Amino acid sequence: MKTLAIDRFEGEYGICQDLDTKEIVRCKKNSLPPEAEEGDVLVYRDGSIIVDRELTQKRRAQIQKLVDELWE
Amino acid sequence: MKRKKKRVKDLPASVLIFIIVSLLCLYIGPDFLEKPGPVAGSAEFHFIDVGQGDAALIRAEGANILIDGGDISAQNTLIEYLNAEGIKKLDLMVGTHPHSDHIGGLVPVVRQLEIDQIIMPRADHTSAVYQELLTSIQEKGLKITSPASGEAIQIGPLEILALGPVRDNYGDLNNMSVILKISFGDISFLFTGDGEKDAEADILGTGLNVNAQVLKVGHHGSVSSTSYDFLEAVNPDIAVISCKLDNEYGHPHQEVLDRLKAAGITVYRTDLMGDIILVTDGKSIERKTTQ
């Protein structure tokens, strides 16, 4: 099962990073949930791609901790 | 004994100097053969061809600055470029914003080079590459700063003026881009990251002097950026666009190219020209055509 983080949107594409393989994956915007935003974590569930709110929150908190430690 | 002494004494000075220099070369090793940086009184601005992404190296006497590192796929290209330039230490590394086409190539740079100072916008993002970059910075025991708009930083002979981001939060990462004006003598280069029209309008609102002879065109020449008002205020002679040939996003957009053309600005593009090196003596700019 793929877990993708949306890195950014460029024109018609959502550019995502596979969180396991680190591979950059380009997806057509219309294949992604319409509510999906930059930074959201996507998973395949029951045959469709959805935003995993819990996983998104968990990753944001993880990175926020690093940010708090690193910024002067 | 007497004869031997005489022989040593008779060795010509030039031979002695040759021996000393040879020994020094052996002692210093390959460093002696590395490409020297720019000569005193000049600065070099390298726009490195990293495909779809941004990476710029700025060199002056006692100053090496890297702004962005291209995407993950450009990691080798970038590190090889820096190695070929003989760079072991960066006085400043800037990650304009956390998108992979700007920070992807920075991870090996952090791991392999000595870095004095790191500037990035304080932003959270969930990508693996952003996490990896922050982790590599932490492992090296380094810290990150985000200068306020209007803050000045001096590195060697280079004067850096932080212009953006003006706000702490824009709701999107492009507008969070660190935007810097770097000046050497009378010549200024403006590095815009992927800053879009909102970021440009905010910078104009600060009243800071954005005028520059060279503009690194925002967001790879996308219509999201380079608004008419901003371009008019910057009023550059040269515009540099960093992108991949025939990229999937249509960068640079025709509208932006038309706007630059109408203003009579010379356009240099990494997708058409490869690495672009501009050299300045602080008064004029020349494009270096051979490495």
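Refer to the structure above for everything that follows.
Description of the structure in this document. (Residues numbered from 1 in each chain as written. Chains lettered and ligands numbered in written order. Predicted model: local features only at pLDDT ≥ 70, side-chain atom pairs only at ≥ 80, totals over all residues. Heavy atoms only, no water.)

What follows deals with the overall build of chain A. A count of helical and extended segments in chain A gives one helix and five strands. Each helix and strand of chain A, ordered N terminal to C terminal, gives the series β-β-β-β-β-α. Taken over the C-alpha atoms alone, chain A extends approximately 40 × 25 × 25 Å along its principal axes. Relative to its 72 residues, chain A shows a buried fraction of 47%. A separation threshold of at least 6 residues defines the contact pool for chain A, and within that pool the share at least 24 residues apart is 25%. Placing the 12 positive and 16 negative side-chain charges of chain A at their respective mean positions leaves the two points 3 Å apart. (Helix = DSSP H or I, 4+ residues; strand = E, 2+ residues; numbered from the N terminus. Buried < 20%, exposed > 50% of the residue type's maximum accessible area, 1.4 Å probe, protein only. Contact = heavy atoms within 4.5 Å. Lys, Arg positive; Asp, Glu negative; His and termini not counted. Charge placed at Lys NZ, Arg CZ, Asp CG, Glu CD.)

Take the sheet that holds strand 4 (residues 41-45) of chain A next. All names here are of chain A. Strand order across the open sheet formed by five strands is 3-2-1-4-5, with antiparallel pairing between neighbours. Across the chains shown, the open sheet's two edge strands, defined by having one partner strand only, are strand 3 (24-28) and strand 5 (48-51). Taking each pair of neighbouring strands and ignoring which way they run, the sheet shows an average axis angle of 40 degrees. Of the strand pairs in this sheet, strand 4 and strand 5 are connected by four bridges, and their pairing is antiparallel. Note on strand 5: the bridge partner recorded for Tyr44 is Ile49. (Pairing = 2+ DSSP bridges. Axes fitted to C-alpha atoms, helices over the stretch in contact; angles between N-to-C directions.)

Below, the discussion takes up the nonpolar core. In terms of nonpolar packing, the biggest core is built from 35 residues, with Met93, Val109, Met120, Leu133, Leu134 and Ile137 of chain B touching the most fellow members. When residues of this core are traced back to their parent elements, those giving at least two are helix 1 (53-70) of chain A together with helix 3 (75-84), helix 5 (106-112) and helix 6 (128-139) of chain B. The leading source of residues in this core is helix 6 of chain B, at five residues. What Ile137 of chain B contacts, discounting residues up to four positions off in sequence, is Leu70 of chain A together with Val110, Ile118, Met120, Leu142 and Ile144 of chain B. Phe45, Ala56, Ile119 and Phe189 of chain B belong to the second-largest nonpolar core, a separate cluster that totals 30 residues. (Core = buried A, V, L, I, M, F, W, Y, C linked by side-chain atoms within 4.5 Å.)

Residues and elements named next belong to chain B. Counted under the stated rule, the structure contains six aromatic pairs over all chains. Seen in terms of ring centroids, Phe47 and Phe191 are 5.8 Å apart; in terms of plane orientation they differ by 20 degrees. Their pairing is stacked. Here Phe47, found in strand 1 (residues 43-47), pairs with Phe191, found in strand 11 (residues 187-191); they are 144 residues apart in sequence, far enough to count as distant. As far as the burial class goes, Phe47 and Phe191 line up, both buried. Judged by centre distance (6.5 Å) and plane angle (15 degrees), the rings of Phe189 and Phe191 are stacked. Accessibility classification places Phe189 together with Phe191 in one group, the buried group. (Phe/Tyr/Trp six-rings, centres within 6.5 Å; stacked < 30°, edge-to-face > 60°.)

In this approach the atoms are scanned with a rolling probe the size of a water molecule, which exposes any empty space left behind. Residues and elements named next belong to chain B. This structure, assessed with the given rule, holds one cavity of 30 Å³ or more. In this structure, the largest cavity occupies an estimated 60 Å³ of space. Lining of the largest cavity is provided by Phe47, Asp54, Ala55, Ala56, Ile67, Asp68, Thr96, Phe191, Gly193, Lys216 and Ser242. Its residues assigned to classes, the lining of the largest cavity shows five nonpolar, three polar and three charged. (1 Å grid on protein atoms, 1.4 Å probe; cavity = no way out; pocket = protein on both sides within 12 Å on 5 of 7 lines; lining within 4 Å. Points joined across faces, edges and corners; volume = space filled by probe spheres on them. Nonpolar A, V, L, I, M, F, W, Y, C, P; charged D, E, K, R; others polar.)

Contacts between chain B and chain A engage 33 residues on the former and 29 residues on the latter. Each partner contributes to the roughly 2,800 Å² buried at the junction of chain B and chain A, and carbon and sulfur atoms together form 52% of this total. When residues of chain B are sorted by the area they lose upon contact with chain A, Arg122, Thr126 and Tyr249 of chain B head the list and together hold 24% of the total. At the junction of chain B and chain A, the tally comes to four salt bridges. (Buried area = accessible area lost by both parts, 1.4 Å probe. Salt bridge = Lys/Arg side-chain N within 4 Å of Asp/Glu carboxyl O.)

All names here are of chain B. In space, the seven strands of this open sheet follow the order 7-5-3-2-1-15-16, with mixed pairing throughout. The outermost strands of the open sheet, each flanked by one partner alone, are strand 7 (118-119) and strand 16 (285-288). The pairing of strand 5 (residues 92-94) with strand 7 spans two bridges and is parallel. Following the sheet pairing, Met93 is matched in strand 7 by Ile118.

To continue, consider helix 9 (residues 254-262) of chain B. Note: α-helices contain 3.6 residues per turn, so residues at a spacing of three or four share the same orientation. Residue and element names in this part refer to chain B. Turning to helix 9, its buried residues number three or more, namely Val256, Leu257, Arg259 and Leu260. One side of helix 9 carries all its buried residues, which in axial view fall inside an arc of 160 degrees. Residues Gln254, Lys261 and Ala262 are exposed on helix 9 and point more than 90 degrees away from its buried face. Directly after helix 9, the chain includes Gly264, whose backbone phi takes a positive value near 70 degrees. (Arc of directions from axis to C-beta.)

Moving on, we get to the side chain of Asp68 of chain B. All names here are of chain B. Structurally, the position occupied by Asp68 is in the loop between strand 3 (63-67) and helix 3. Lys216 provides the closest opposite charge to the buried, salt-bridge-free Asp68, at an N-O distance of 6.3 Å. Of note is the side chain of Asp68, whose polar atom sits 2.7 Å from the side chain of His102. In this structure, Asp68 is in contact with Asp54, Ala55, Ala56, Val94, Gly95, Thr96, His102 and Leu106, ignoring residues within four places of it in sequence. (Polar contact = N/O pair within 3.5 Å; in protein donor to acceptor, adjacent residues only side chain to side chain.)

Just distances and angles here, no functional claims.
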